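Chains, contacts and geometry: an overview
Residue strings, one per chain:
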Amino acid sequence: MRIALLAAVIGGFAAVAYQDLERARTRAVEDALRQTRNLALTLEADAANTVRSADQAVLALMDSVGEPMAATPPNGQPALGETHPADALPAVRSLLVADATGLVRYASGTLSLASVAGFDLFEAHRDGGNGGVHLSTPFRDGPDGGWRIAVSRRLNEPGGGFGGVAAAVIDLRRFAGFYASLDVGAHGFITLWRNDGAVLATSRRSERLEADPYAMAADIPRFDPALRAHTLTGLSPFDGRNRTGTVRRVEGLPLFVLVRLGADDYLADWRAGLWQRGLETAALSAVLILLAVLLLRHLGRLEHATKALRASERQSQALFNSSFQVMGLLAPDGTVVALNQPACALAGLPPALVIGRPAWEFRGWARDDGIAAQFRQSIETAASGRFVRYETDIVTEDGVRVMDVSIKPIFDEAGAVTLMVIEARDITERKRAEDSLRDSEARLRSYLDAAMEGFFISGERGHFIDVNPAACRALGFSQAEILAMRVSDLVARDHPLSAASLAGFRAVEATGLFRGEMALRRKDGAIVRAEVNAVRLDNGLYLGVTRDVTKRRLAEEALRASTSRLSALVDALPDLVFILDDEGRYRETVASAAHLLACPIEEMLGRRLDEVLPAEAAGILLAALRQTLESGQPQRVEYPLTLAGGPHWFEGRTRTLAPDFGDRPMVLLLSRDITDRVEAAERLAAAKELAEAANQAKGAFLATMSHELRTPLNAIIGFSEIMLHELFGPLGSPRYHEYARHVQNSGRHLLDLINDVLDMSKLEAGRMTLEEGWIDVAGTLESCRALSALSAERGEVFLTVATPFDPPMLFGDERALRQVLLNLLSNAVKFTPPGGRVEVTAGLRASGEEGGREFFIAVRDTGIGIAPEALATIAQPFHQADSSIARRFGGTGLGLSISRELVGLHGGSLNVVSEPGRGTTVTVLFPASRVGRLPVAETAQPA
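The structure presented is a predicted model; accordingly, all values stated were derived computationally and were not measured.

Here we come to the overall build of the chain. If you tally the helices and strands in the chain, you get 23 helices and 34 strands. Going through the 943 residues of the chain one by one, you find that 41% of them count as buried. Pairs at least 24 apart in sequence give 52% of the contacts found in the chain among residues at least 6 apart. Carbon together with sulfur atoms contributes 56% to the accessible area of the chain, which is approximately 50700 Å² in total.

A few words on the packing of aromatic side chains. When we look at a pair of aromatic rings, we describe it by the centre distance and by the angle of the planes. Overall, the coordinates contain nine aromatic pairs when judged by the stated rule. Between the aromatic rings of F178 and Y179, the centroid separation amounts to 6.2 Å while the plane-to-plane angle is 45°, which identifies the pairing as tilted. Owing to a relative accessible area of 29%, F178 belongs among the partly exposed residues under this scheme. One aromatic cluster is present, formed by F175, F178 and Y179 through successive ring pairs.

This part takes up the side chain of E517. Within the secondary structure, E517 is located in strand β19 (residues 513-521). Residue class for E517 comes out buried when judged on its relative accessible area of 19%. A polar contact is formed between the side chain of E517 and the side chain of R529, at a distance of 3.0 Å. At a separation of 2.7 Å, a polar atom in the side chain of E517 contacts the side chain of R553. Discounting residues that sit within four places of it in the chain, E517 has contacts with L497, S501, R529, A530, E531, V549 and R553.

Turning next to the sheet that holds strand β29 (residues 809-813). Read across the open sheet, the three strands follow the order β27-β29-β34; overall the sheet is antiparallel. The open sheet has two edge strands, β27 (772-776) and β34 (931-932), and neither has a second partner. Relative to β34, β29 is paired through two bridges, and the arrangement is antiparallel. Of the residues in β34, the one forming a bridge with L810 is V931. With respect to the sheet, helix α21 (residues 814-830) is in contact with β27 and β29, its orientation differing from that of β29 by roughly 95°.

Below, the discussion takes up the sheet that holds strand β26 (residues 666-673). A sheet is described by the order of its strands in space; here five strands give the open sequence β23-β22-β26-β25-β24, paired in antiparallel fashion. Here the strands that pair on one side only, and so sit at the sheet edges, are β23 (586-591) and β24 (635-643). Taken pair by pair, the neighbouring strands of this sheet meet at an average axis angle of 25°, ignoring direction. Pairing of strand β22 (residues 576-581) with β26, which is carried by six bridges, proceeds in the antiparallel orientation.

To continue, consider the nonpolar core. Within the largest apolar cluster, 44 residues are counted, with the highest numbers of intra-cluster contacts made by F175, L192 and L255. Here this core gets 14 residues from one element, more than from any other, and that element is helix α1 (residues 2-65). If near-sequence neighbours (up to four positions away) are discounted, L255 is found in contact with V51, L135, L192, W193, R194, L200, R248, R249 and V250. Counting 35 residues, the second-largest nonpolar core is a separate cluster that includes L810, V840, I866 and L894.

This next bit is on the packing of helix α20 (residues 777-794) against α21. Contact geometry for α20 and α21: axes closest at 10 Å, N-to-C directions at 30°. Between α20 and α21, the angle is such that the two are roughly parallel. Read as a crossing pair, α20 and α21 show a hand that is right-handed. Contacts between α20 and α21 involve T780, L781, S783, C784, R785, L787, S788, S791 and A792 from the former and E814, L817, R818, L821, L822, L825 and V829 from the latter. Tallied by class, the residues present in the contact of α20 with α21 amount to nine nonpolar, four polar and three charged.

Another point: the pattern of salt bridges. According to the stated counting rule, one finds 46 salt bridges in the structure shown. Of the charged contacts in the structure, one is a salt bridge between R228 and E44, with a shortest N-O distance of 2.4 Å. Residue R228 is found in the loop between α4 (207-211) and β9 (229-235), and its partner E44 is found in helix α1; the two are separated by 184 residues along the sequence. By relative accessible area, which is 5% here, E44 ends up buried. In this structure, D435 and R438 form a salt bridge, with 2.0 Å as the shortest nitrogen-oxygen distance. One end of the pair, D435, and the other, R438, are both in helix α10 (residues 428-450), three residues apart, so they sit about a helical turn from each other. D435 sits in the partly exposed class, given a relative accessible area of 33%. Under the relative-accessibility criterion, R438 is labelled partly exposed at 47%. Within the structure, one salt-bridge network assembled from shared partners comprises E517, R529, E531, R552, R553, E556 and E557.

Take the pairing of β26 next. Summarising the sheet, strand β25 (residues 646-656) and β26 pair through seven bridges and their orientation is antiparallel. Bridging from a neighbouring strand, E651 pairs with R672 of β26.

For α20, built from 18 residues, the straight-helix expectation of 26 Å at 1.5 Å per residue is met to within 8% by its first-to-last C-alpha distance of 26 Å. The largest bend in α20 is about 40°, located at S788. Restricting attention to buried positions, one finds in α20 the residues V777, T780, L781, C784, S788, A789 and A792. The inward-facing, buried residues of α20 contact β27, β28 (798-802), β29, α21, β30 (837-846) and β31 (853-861). One side-chain oxygen of the residue at the start of α20 lies 3.4 Å from the amide nitrogen of A778, identifying that residue as D776. Phi turns positive, to about 55°, at E796, one or two residues after α20.

Rules behind the numbers
Residues numbered from 1 in each chain as written. Predicted model: local features only at pLDDT ≥ 70, side-chain atom pairs only at ≥ 80, totals over all residues. Heavy atoms only, no water. Helix = DSSP H or I, 4+ residues; strand = E, 2+ residues; numbered from the N terminus. Buried < 20%, exposed > 50% of the residue type's maximum accessible area, 1.4 Å probe, protein only. Contact = heavy atoms within 4.5 Å. Areas by Shrake-Rupley, 256 points an atom, 1.4 Å probe, with all protein chains shown as cover. Phe/Tyr/Trp six-rings, centres within 6.5 Å; stacked < 30°, edge-to-face > 60°. Polar contact = N/O pair within 3.5 Å; in protein donor to acceptor, adjacent residues only side chain to side chain. Pairing = 2+ DSSP bridges. Axes fitted to C-alpha atoms, helices over the stretch in contact; angles between N-to-C directions. Core = buried A, V, L, I, M, F, W, Y, C linked by side-chain atoms within 4.5 Å. Parallel < 35°, antiparallel > 145°, perpendicular 65-115°, else oblique. Left-handed = near helix turned anticlockwise from the far one by under 90°. Nonpolar A, V, L, I, M, F, W, Y, C, P; charged D, E, K, R; others polar. Salt bridge = Lys/Arg side-chain N within 4 Å of Asp/Glu carboxyl O. Expected span 1.5 Å × (residues − 1). Bend = angle between axes of the 7 residues up to and from the residue.

Laid out in C-alpha cells, this is it:
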C-alpha cells in the first residue's frame, strides 16, 4: 500500500513536474509571441510615422513651391536646398519636385536623378490620376546605389491637368539599420515588405535581396487585407527553422511588418533547465518521504513566484505597448519602477541608480528647477488618475532637444492607480522643420521687396500685372504708373538698342525665353541699359528680371578707351612692362623691344622669375617684389642680364596693383635698358679715379719737387754768399774751390731734375723720338757701371756686371738705353744698405715669336725691397715706395716711369719683382726683332 502510495505520489509529482515543464514551455512561447506582437506594433508605428513625416514634408514642399513650375529659375537649376534641408527628417534622403515630363526641377539632399520619368513615383500619378499620397516601388539612387522608396503626391496645373509630382525619397537603409539594432535573437529576424512582394528592409543582410528586392516575392506570405495582424508559427520557408512571429499590416499603407523569433532562442532557457528539472525530479523522488513536509512550503513559494511572474508580465506588457522612443514605469509616488535603454541614456545613469528614486531628481530629464517642478506636478496629476501630455526641453550631448512627454495612469480592478506609463518622443526635427517652413515663407514674402533686381510680371497682351520696388526705383516711375503701361512703352526710342529690345519682347512671346540687353527709358527721359532675363510662365504670364548695367557699360567703354590709350603709350615707351603675381610668376608682358627679353613672351608667361632669368637678376627682382608687397611702397633696383647682343644693365621699378586687378596680389614691373648709362657712369668713375690719381700725383710731385729743388738751391745760395762776402778771406782760399764744386754739383742735380721732368712731359705728350742705331750692349753696360761705381763705393755696395762672352747687338736709341740703365742702377745702389750687392746680367731667351729670342737686361739688388701694395703704382709718375717728405732717400719718383716709357717706345717691357727685406729685380725685355749681330764698324751707323 505504502509502495503504491509512494509510487502514486512519485507519479503525481512526475506528472506535476511534467505539467510544470509544459507550462514553462507554453509561457516561453507566449512570451515570445507577445514580444513579437509588441515589437511588430512598435515597428508598424515607426513605419507609419516615417511615411507620414515624409508625406508632411511633401505637403510642406507643395505649399512652399505653390504652382510647381511657375517659379522655375531661368537657368533651370534647383533652388530648394536652403528651404527644405533633406536632413530635417530622419529617414528622408532628399526632396524633389518634377514637372509633367518627369524632369527634376527642384531637389535637395543627395539626389542624383535628373529625371523621374519611368519611375513608379511619377507614372502612378501621371497614368493613374492618383491625387493622394502614393508609396512607390523601390528604386536605386545616389553614389552608393542604395535602394530607396518615395512618398509622392500629384501636382496639378491651374486647369486641373497633370503638372508633375512632389516627392520625399526615403533611404531604406534607415529601416535596415534600425531593425539590425534590435535584439531578436540569433535566429530571429524582422522584415518590412510591400504588398507586391518587394522586400524593403530586413534585419539580416542578404546579397540576394540587395540585388533584387523582389527575389523572394514568391515566398512572402499572403494574408487577408482586411485583417490587421496575423500570427505565424512553424517552419520558415526561407531556411526551414522553427519560428514564431507576428505580421502586422501598416494601417493605410501597402506595407507589412514581420517579426519572427527562433525557437532555438526563446526556448533556450527552457531547454537548459529541462535536464536540471529532470535531475531535480529524480532527486526529489529519492528523498520524497523525507521532504513531504517541505513540499507544501515549496508549493507556497512556487505560488508566490507565479504571482510575481504574472506581475512582471503585466509590467513588461505595459512597457512595450508604448510606441514612443523613451519609455518607463513610475509608481504613484513618482519613483521609477522600470525604464528602457533610451530612458537610461537620457538620464545618463544605469538602471540600478535610477529605479526606486523620484523621476524629477535626474537632471538629464529636468535640466533646471523650473522644469523639475513642472515634471513633478505632471506626475502628481497623472497619479490622481488623469492623462497628462506636454512639451519640454531636454539637454543632451547633441544640445537641447524638444520632447513630447505623455504620462498615462494604469488602474487596478478597484480603479486605483497602480502604475504610470511615461513616454517621450523627440520632436526636435519636427519643430525645426516647422520653424524652417515659417522662415521660408517669410523669406519668400520679403524677397521681391528686398531684391536688388527689378521684377516685372506681364500678361499675354503686354500689360504689366505686378512690379517690385527695385523696378520702380530703377525707372523712376511709381508702381501705379508702370501698371498702367504696356511692355513696349518702356523701350527707349531712337537708341541703338531700341530695335533689339523690341525684338527681345517678340522673342519671349514666340519661344518663351529671352536673355539679353535692352535700352529702357526712365521717367526723367534718361536711358537705362539693363540686362534682361525673361521667361513665359506656365499660367501664360511673363516674368522679366532686369538689372541696371548702365554704369557698368559706361565704365567698360571708358576702360576700353583707357586701355587703348595705355596700350599706345606702352608701345611708345622704351620700357619693358611685366605684371607679376606674389609668387614671382609672369602674368602679362608688354615689350616694344623684344630683343631685350631673356626669352620669347610665350615662354615667359606662367613661369617664375628664377625659371627665366639668371640667379643674380632673379634674386634682385624677387627681393624687390617681396619688399613691394610687404611695404606697399615702390622699389627701384638695377640688375645685370646677358642677352644675345651681350651684357646689359636694366633698371627695374615696382609698384603694387589694385586689389581688384586679379584673384591674388599683383605687382607691376617696369624695366628699362640702362646699359649706356651704366657704361657712361663706369667711364665717368674711371675718369674720376684717374683725375683723382693725377691730382694726388700732382700733389706728390709738388711736394717732392719742392724738397728736391730747395735742397740744391739752398746749397748754391749759401756757398755763393760765403764766396761773395769772402767770409774765409780773399777768394784765393782753398775752401772756395770746394764750395765751388758743391755749387757745381747742386746745379747739375737741378739740371738732372729738370731733364727728368722734361723727358716725362715729352713722353706723356708723345713727342719723344728715338735716334735708333745698333748699340754695343757690353760697352754701354760697362760705361754705366763706371758712372755708378763711385756712388756704390760711397754706399759700400758691391756692383757687378755679367754679360755673355759674345753679346749680340741691339737696335735702338743708345742715349735712351743708357738713361734706363743709369736710373735702374741708381735706384738699386740707393736702396741697398751697406754690405749689399747689385748685379747686372744680360742675355738672350726664348720669346713668343716663332724661332725668335728676346734680349733681356736684369738689375738685381739685395736692398730693402718694395711692399706688394706699392708694386702696382711704383712705375707711375711721381710715385715712390715711400712718398713722405721725411723719407730717407731723395728723388722725384720719375726715374722708373721714364725708364718704362723709353723701353715701351722700343716695343719692350719693364717688369719689377720684389720682396720686402730680400731685394728687388727689374728686368728690361727687348723684342727679338731688335736683336742682331753686325760688325763693330757698323754699330755706330744709324739703321
